[in-house]
Structure formats: structure tokens, C-alpha cells
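# Residue-level structural notes
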Amino acid sequence: MHRGAQCVGEHDSLRTAAQMMRDLSVGALPICGDDDRLKGIITDRDIVIKCCAEGKDIDQTTASELAHGLVWVEARSSVEEALQKMEQHQIKRLPVIENHRIVGMVSEADLAKELPDNKLAEFVHRVYAPA
């Protein structure tokens, strides 16, 4: 897990989200509401496909408009539980919550560093398999 995940605000523009992704060298950001609670996640691909390719204004479209997937795992959860959720929902990034606040993100890169090759291969097969 990467600790200290930074959120983009639900009312922030997609330009702000894209700039945060650039500055943080990440491909996804959790979206947090005014109450500092997780509202969803947005990816760089979401911005390109659901905003730019659709001709929407990147400065007027907010992160919450593209928010998807409120899938997360508790900080005390096992690696197996995180893997199961990621496989079940075919997602490559998973927010980690503790005391109702986001504390980090689990990514494919995190898994690649920690899992044995056979388990990593199984994960990749399940996440990238057609739904």
C-alpha cells in the first residue's frame, strides 16, 4: 500500500485532477467529499475517455461527475481480502480506509513487489479477463 493517498475534491475540476496526477506521478486519485469521506475514484483514462473524447470542458467538469466505483478495503484487512476485491471488481487500484478516512491505496505495482509470481500471474489474469 502507498500510505498518505491524496484526494482530489469532489468539486475540483478535471484539470485539477489531471495536474495532481501529473505532480504525484499516479494514474488514479480517490475523490473525497467536503466531509473528507471517500466518494469514488477517478483515473487518467476516465479523464481522457469520458471528458476529452466526449468534448466536455476539462475546466468545468468536476471530479464527482466522473466518480465511479466505491470499492475499498479496511486497513486491517488481509492481502488476500484486498486481492479478492480487486479481482471481483476487476480494478487495479484499491483505496484503503481506516477510521472512515482514506489512508492509502493498493495498486498493481504494490502487488508486483509483494506477491509470489504465481499469485501475481493469477491476479493479472483475473483482473484483465473479459467480464
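### Some remarks on the overall build of the protein chain
- Each helix and strand in the protein chain was counted, giving six helices and seven strands.
- Helices and strands appear in the protein chain in the N-to-C order β-β-α-β-β-α-α-β-α-β-β-α-α.
- In terms of overall size, the protein chain behaves like a compact globule, its C-alpha atoms giving a radius of gyration of 15 Å where 131 residues would be expected to give roughly 14 Å.
- Along the first, second and third principal axes, the C-alpha set of the protein chain runs to 45 × 35 × 25 Å.
- The proportion of buried residues among the 131 residues of the protein chain is 38%.
- Contacts spanning at least 24 positions in sequence make up 51% of the contacts within the protein chain whose residues lie at least 6 apart.
- As presented, the protein chain carries roughly 7,800 Å² of accessible surface, and 47% of it is formed by carbon and sulfur atoms.
- Counting 16 positive and 22 negative side-chain charges, the protein chain places the centres of these two groups 2 Å from one another.

### Brief notes about the pattern of salt bridges
- If you walk through the whole model with that rule in mind, you get six salt bridges.
- Taking the shortest distance from any N to any O, the salt bridge between Asp35 and Lys39 comes out at 3.3 Å.
- Among the residues examined, Asp35 registers a relative accessible area of 39% and is labelled partly exposed.
- Linking Asp36 and Arg101 is a salt bridge whose minimum nitrogen-to-oxygen distance equals 3.4 Å. Of the two residues, Asp36 is situated in the loop between strand E3 (28–32) and strand E4 (38–43) and Arg101 in strand E7 (residues 101–107); the sequence distance between them amounts to 65 residues.
- When its relative accessible area of 41% is taken as the criterion, Asp36 is described as partly exposed.
- On the basis of relative accessible area, Arg101 is assigned to the partly exposed category, the value being 32%.

### Focus on helix H6 (residues 117–128)
- Its twelve residues give H6 an end-to-end C-alpha distance of 16 Å, which sits within 8% of 16 Å, the value for a rise of 1.5 Å per residue.
- Regarding H6, the residues found buried are Leu120, Phe123 and Val127. Axial view of H6: buried residues confined to an arc of 60 degrees, hence all on one face. Turned more than 90 degrees from where H6 packs its buried face, Asp117, Asn118 and His125 sit exposed.

### Quick word on the environment of Ala82
- By the secondary structure assignment, Ala82 is in helix H4 (residues 79–89).
- Relative accessible area serves as the criterion here: at 9%, Ala82 is assigned to the buried category.
- As for Ala82 and Ala112, which are separated by 30 residues in sequence, their C-alpha atoms are 14 Å apart.

### What about the nonpolar core?
- If you look at the biggest cluster of nonpolar residues, it comprises 14 residues, and the most contacted ones within it are Met86, Leu94, Val106, Leu111 and Phe123.
- When neighbours within four sequence positions are excluded, Phe123 is seen to be in contact with Leu83, Met86, Glu87, Ile91, Glu108 and Leu111.
- Met20, Ile31, Ile42 and Leu66 belong to the second-largest nonpolar core, a separate cluster that totals 13 residues.

### Side note on the sheet that holds strand E2 (residues 8–9)
- Taken in spatial order, the three strands make up an open sheet running E2-E3-E4, and their pairing is mixed. With partners counted over all chains shown, the strands left at the sheet margins are E2 and E4, one partner each.
- Note: E2 against E3, two bridges, orientation parallel. Paired with Val8 across the strands is Ile31, a residue of E3.
- Lying on the sheet, helix H1 (residues 14–24) is in contact with E2, E3 and E4; it crosses E3 at an angle near 130 degrees.

Quick notes on the rules
Residues numbered from 1 in each chain as written. Predicted model: local features only at pLDDT ≥ 70, side-chain atom pairs only at ≥ 80, totals over all residues. Heavy atoms only, no water. Helix = DSSP H or I, 4+ residues; strand = E, 2+ residues; numbered from the N terminus. Rg over C-alpha atoms; globule rule 2.2 N^0.38 Å. Buried < 20%, exposed > 50% of the residue type's maximum accessible area, 1.4 Å probe, protein only. Contact = heavy atoms within 4.5 Å. Areas by Shrake-Rupley, 256 points an atom, 1.4 Å probe, with all protein chains shown as cover. Lys, Arg positive; Asp, Glu negative; His and termini not counted. Charge placed at Lys NZ, Arg CZ, Asp CG, Glu CD. Salt bridge = Lys/Arg side-chain N within 4 Å of Asp/Glu carboxyl O. Expected span 1.5 Å × (residues − 1). Arc of directions from axis to C-beta. Core = buried A, V, L, I, M, F, W, Y, C linked by side-chain atoms within 4.5 Å. Pairing = 2+ DSSP bridges. Axes fitted to C-alpha atoms, helices over the stretch in contact; angles between N-to-C directions.

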